[in-house]
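Descriptive structure summary
The lines below spell out each chain.
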Amino acid sequence: MSIRAPRIEFAVGAFLLLALASLLVLALASTNGRWGLGSDTYPLTARFSTIGALRPNAPVKIGGVAIGHVDKIDVDPVKFDTVVTLAVNKRYDKLPADTAASILTSGLLGESYINLAPGGDPDSLKPGDEIYLTQSAVDLIQLVGKYMFSGGGAKPADNAGQAAEPSADVPDYLKGDAAPTDETKTK
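Everything in this summary refers to the structure shown in the same document. Note that the structure is a prediction, hence the values are computed from the model and not measured.

Each value, and the rule that gives it
Residues numbered from 1 in each chain as written. Predicted model: local features only at pLDDT ≥ 70, side-chain atom pairs only at ≥ 80, totals over all residues. Heavy atoms only, no water. Helix = DSSP H or I, 4+ residues; strand = E, 2+ residues; numbered from the N terminus. Buried < 20%, exposed > 50% of the residue type's maximum accessible area, 1.4 Å probe, protein only. Contact = heavy atoms within 4.5 Å. Areas by Shrake-Rupley, 256 points an atom, 1.4 Å probe, with all protein chains shown as cover. Pairing = 2+ DSSP bridges. Core = buried A, V, L, I, M, F, W, Y, C linked by side-chain atoms within 4.5 Å.

Comments concerning the overall build of the protein
Across its full length, the protein holds three helices and eight strands. Considering the protein as a whole, with its 187 residues, one finds that 21% of them fall into the buried category. Put simply, 60% of the contacts in the protein that link residues at least 6 apart link residues at least 24 apart. Here the protein displays about 13,800 Å² of accessible surface, and carbon together with sulfur accounts for 61% of that area.

Observations regarding the pairing of strand S2 (residues 59-62)
In this structure, S2 lies alongside strand S3 (residues 65-75), joined through four bridges in antiparallel fashion. Bridge pairing in S3 places Ile62 opposite Val65. Connecting the antiparallel pair S2 and S3 is a turn made up of two residues, with Gly63 showing a positive phi of about 60°. Sheet topology places S2 next to strand S6 (residues 112-117); two bridges connect them, and they run parallel.

Looking at the sheet that holds S3
An order of S7-S1-S4-S3-S2-S6-S5-S8 is seen for the eight strands of this open sheet, with the pairing classed as mixed. With one partner strand each, in any of the chains shown, strand S7 (130-131) and strand S8 (133-135) form the two edges of the open sheet. Alignment of strand S1 (residues 41-48) against strand S4 (residues 82-89), held across eight bridges, turns out to be antiparallel. Its bridge partner lying in S4, Ala46 is registered against Val84.

With respect to the nonpolar core
Among the nonpolar cores identified, the biggest contains 21 residues, and Leu86, Ile114 and Leu116 are the most heavily contacted of them. For this core, the secondary structure elements donating two or more residues are S1, S3, S4, strand S5 (100-105) and S6. At four residues, the largest contribution of residues to this core is made by S1. Beyond its immediate chain neighbours, meaning those up to four positions away, Ile114 contacts Phe48, Leu54, Pro59, Val60, Lys61, Val70, Val84, Leu86, Ala101, Ser102 and Ile103.

Read these as geometric descriptors, not functional statements.
Right, here's the structure in full:
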């Protein structure tokens, strides 16, 4: 027992150190590298009528590259718009004043994020400024429901009362006339 005991203790100790290191990596990954010490971001706001599945800490991207995150989401008590506060990395402090913000989804059912499309205005957005050009989230379920229950491929409303002219290629008994008789078959 004198030889095996140190080996087992070493193995248990190594396992515990590995488990603690794994927990530390998991904790770092869950904070996305943000510790709350100091601020290397600046705030911008944007108003949307619908935000869909957008959540705090969702990425803010330009051309698919993350440049910040959604800091908080509030409702304006006067206009009842959704006000989204963005925390943008200070490296990107020269965003043009006519930058547009839209809520997009990664893939068909992926996470929602804010996409910024910089404009050409020589003036830059200042910390705390509002992005006025916004596009709300598209609700995929609502679009599918509208298409399914509105008669997706139906004729337009102006033709609703008109009957379609039967084609010359269609036999008489399929044009809505009586079923074929022996007389019509022999002609």
